[in-house]
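# Residue-level structure breakdown
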Amino acid sequence: MKEIKLCVAGMNHKTAPVEIRERFALKDGRLEEAILSLNALPQIDECMILSTCNRVEFYFVTREDVPFKDIKPFLSNLGNISIEEINRFLYFKTQEDAVRHGFRVASSLDSMVIGEPQIISQFKTAFSKAKELGTAGVVINRFCETALKVSKKVRTETAIAKNAVSISFAAVELAKKIFCQLYDKNVAIIGAGEMAELAVKHLINSGVNNVFVVNRTLERAEKLAKEFGGKAFSLNELEKVIKKSDIVISSTGAPEYVLTYDLINTIMKDRSSRPLFLIDIAVPRDIDPEIDKIDNVYLFDIDNLKEVVEANLEERKRAAKEAEEIIEGCVKRFVHWLKEYEVAPLIVELKQKAEQIRKQELEKRLSKLNLTDEEKAQVEYLTQIIINKLLHTPITTFRQKAPEEKTYIQVFKEIFGLSKD
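Residues numbered from 1 in each chain as written. Predicted model: local features only at pLDDT ≥ 70, side-chain atom pairs only at ≥ 80, totals over all residues. Heavy atoms only, no water.

### What about the sheet that holds strand S5 (residues 186–190)?
We apply this condition: Strand pairing requires that DSSP identify at least two bridges connecting the strands. Runs of E in the DSSP output that reach at least two residues are strands. Runs of H or I that reach at least four are helices, and both are numbered from the N terminus. Every axis in this analysis is a line fitted to C-alpha atoms, fitted for helices over the stretch in contact. Angles between the N-to-C directions lie between 0 and 180 degrees. Contacts are assigned to residue pairs that have any heavy atoms within 4.5 Å of one another.
Strand order in the open sheet formed by six strands is S7-S6-S5-S8-S9-S10, with parallel pairing between adjacent strands. In the strand order of this sheet, the two ends are held by strand S7 (231–234) and strand S10 (297–300), each with one partner. The sheet shows a mean angle of 20° between the axes of neighbouring strands, direction not considered. When S5 meets strand S6 (residues 210–215), the two strands line up parallel, connected through five bridges. Across the sheet, residue Ile 189 finds its bridge partner in S6, namely Val 213. Against the sheet, helix H9 (residues 194–205) engages S5, S6 and strand S8 (247–250), with an angle of about 165° to S5.

### Quick notes on the UniProt feature "binding site: NADP(+)" (unreviewed entry) in the protein chain
Definition in use: UniProt positions are given in the numbering used here, feature names are shortened, and annotations may be inferred rather than shown by experiment.
In this numbering, the UniProt entry assigns the feature "binding site: NADP(+)" (unreviewed entry) to Gly 191, Ala 192, Gly 193, Glu 194, Met 195 and Ala 196. Among the secondary structure elements, Gly 191 is positioned in the loop between S5 and H9. Other than its neighbours up to four places away in sequence, Gly 191 contacts Ala 196, Val 213, Val 214, Asn 215, Leu 224, Ser 251 and Thr 252. Take Ala 196: it is sitting in helix H9. Ignoring sequence-local partners within four residues, the contact set of Ala 196 consists of Ile 189, Gly 191 and Ser 251.

### Looking at the packing of aromatic side chains
Where two aromatic rings form a pair, the distance of their centres and the angle of their planes describe that pair. The test is simple: The pairing test for Phe, Tyr and Trp rings, Trp by its six-membered ring, is centres within 6.5 Å, and the orientation test on the planes gives stacked under 30 degrees, edge-to-face over 60, and tilted for anything in between. Relative accessibility decides the category of a residue: with a 1.4 Å probe and only protein chains considered, values under 20% of the type maximum give buried, values over 50% give exposed, and everything between is partly exposed.
According to the stated counting rule, one finds eleven aromatic pairs in the structure shown. Where Phe 58 meets Phe 74, the ring centres are 6.3 Å apart and the plane angle is 90°; that geometry is what we call edge-to-face. Of this pair, Phe 58 sits in strand S3 (residues 55–62) while Phe 74 is found in helix H3 (residues 71–79), placing the two residues 16 residues apart along the sequence. By the burial criterion, Phe 58 is buried, and Phe 74 matches it. Here Phe 103 and Phe 143 contribute two aromatic rings whose centre-to-centre distance is 5.8 Å and whose plane-to-plane angle is 10°, an arrangement assigned as stacked. A residue pair is termed long-range when its members are at least 10 positions apart, and Phe 103 in helix H5 (residues 95–106) and Phe 143 in helix H7 (residues 138–157) qualify at 40 residues. Classification of Phe 143 by relative accessible area gives buried; the value is 0%.

### A few points about the pairing of S8
Neither face of S8 is left uncovered, since the one carrying Ile 247 and Ile 249 and the one carrying Val 248 and Ser 250 both have all their residues buried. For S5 and S8, the ladder comprises four bridges, and the chain directions are parallel. Directly across from Ile 190, in S8, lies its bridge partner Ser 250. Strand direction decides the pairing type here: S8 and strand S9 (residues 276–280), joined by four bridges, are parallel. For Ile 247, the partnering residue across the bridge sits in S9 and is Phe 277.

### Overview of H5
Stated formally: Each residue after the first adds 1.5 Å to the expected span of a helix.
Its twelve residues place the ends of H5 17 Å apart at the C-alpha level, agreeing with the 16 Å of an ideal helix rising 1.5 Å per residue. When you tally the buried positions in H5, you get ten out of twelve residues, the bulk of the element. Looking only at H5, the buried set comprises Gln 95, Ala 98, Val 99, Arg 100, His 101, Gly 102, Phe 103, Arg 104, Val 105 and Ala 106. With its phi angle positive at about 65°, Ser 108 sits one or two positions after the end of H5.

### Thoughts on the domain arrangement of the protein chain
Note the cut-off: An automatic or database domain assignment supplies the residue ranges for each domain.
Split into domains, the protein chain comes out as domain 1 (5–163 + 315–338) and domain 2 (167–300). The distance between the C-alpha centroids of domain 1 and domain 2 comes to 40 Å.

### Looking at the nonpolar core
If you look at soluble globular proteins, the nonpolar side chains tend to sit buried side by side. The line we're drawing: Residues grouped as a nonpolar core are buried Ala, Val, Leu, Ile, Met, Phe, Trp, Tyr and Cys residues, joined through side-chain atoms within 4.5 Å.
The biggest cluster of nonpolar side chains holds 40 residues, and the ones touching the most others in it are Leu 6, Met 48, Tyr 59, Phe 103, Phe 123, Ile 140 and Phe 143. Looking at this core, the elements that each hand over two or more residues are strand S1 (5–12), strand S2 (44–51), S3, H5, helix H6 (118–133), H7 and helix H13 (302–366). Ranked by residue count, the leading element in this core is H13, at eleven residues. The contacts of Phe 103, once residues within four sequence positions are left out, are Phe 143, Thr 146, Ala 147, Val 150, Ile 327, Cys 330, Val 331 and Phe 334.

### Some remarks on the sheet that holds strand S4 (residues 91–94)
The strands that make up a sheet pair up through hydrogen bonds in the backbone, lying either parallel or antiparallel. Taken together, the four strands give an open sheet; going across it, the order is S2-S3-S1-S4, and neighbouring strands pair in antiparallel fashion. The strands lining the two open edges of the sheet, one partner per strand, are S2 and S4. When the angles between neighbouring strand axes are averaged without regard to direction, this sheet yields 15°. As judged from the eight bridges shared by S1 and S3, these two strands associate in the antiparallel manner. Note that in S3 the partner of Ala 9 across the bridge is Phe 58. Most of the contacts of H7 go to S2, to which it runs at about 35°, and overall it touches S1, S2 and S3.

This is how it looks when you write it as structure tokens:
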């Protein structure tokens, strides 16, 4: 019986540049075709492919002694890349190393940003696709289910995802600290680019209901506002919008200040004691720093946020060490299960053989004895008890020892006359 191996071949943002990774970008029909083609290889028992913008990984189960020998030509053809380049950019891991890698990926310890949440849904999607196509068997199912449990445990028991590590997220976290709750606040976003869009997403996730999007091009403002249920305004309406806003996050590409001292000073004269919080995440800056001198106005720029982000990254790194300890314990338990699963067929075969012998001998003897149905049932039960007790110790010992000491497998087969495969 050859050893069952869980393996992974892959590349990510650390091992391959984007021009190589994009060759393996697998979406929709191409992803399905790749999974089915990989599963069709004769040495592959089960498989799953995880494909994101920063990584592509091929998880598979095999009994081959050289598990990656025939996988490399498949990958070469898939990415239109030579075997030599594959060896440069891809990593190959088996058994404990593959399990540990998969658990770290699902827990976002291997991500570009430690603790980012997107990888969880991406991992779930990859697992669902493998189940849908029928390429996930007992091992892949157990591996993925365990990886997702590990990920949840890491996020629950450590601070790995609790602090902002992007400028947009940090801006929203700062707003939450200022107001405690955001659902009843009016928030204005100046700009409709990527940073502004990320800020709006974080605001919506934090419970904000009233979002105003201001942009030089009204059409772009309307598009972003519609996506998140907000209201769009042109830059000409900026003063009106700020008058009714509690928080303003600005992220444009303007060469000059969008919010000037005179504009904010005029607005604040009509706001009574209502404070205004301004968060400038643009480079060059959108908001005149002199505005910070106006009473009841609180201004934070990108440097203030970077300090928060850097402190939070350090906090996540400390949390990552705790996460690694959690993962290591889970890796050991999974590897032990995998080794037990490998010897399970022999245990089943022994039990079936013992039961066959028991039934055959009973049939021979019971036909010659004049027993009532009740007495026959008692004999049946008694022989079952004898078989179970007789096999209990050898099976228990085999289950404990065989995963770690392979000689037990051969001895077990020879003692009980089991299959040689």
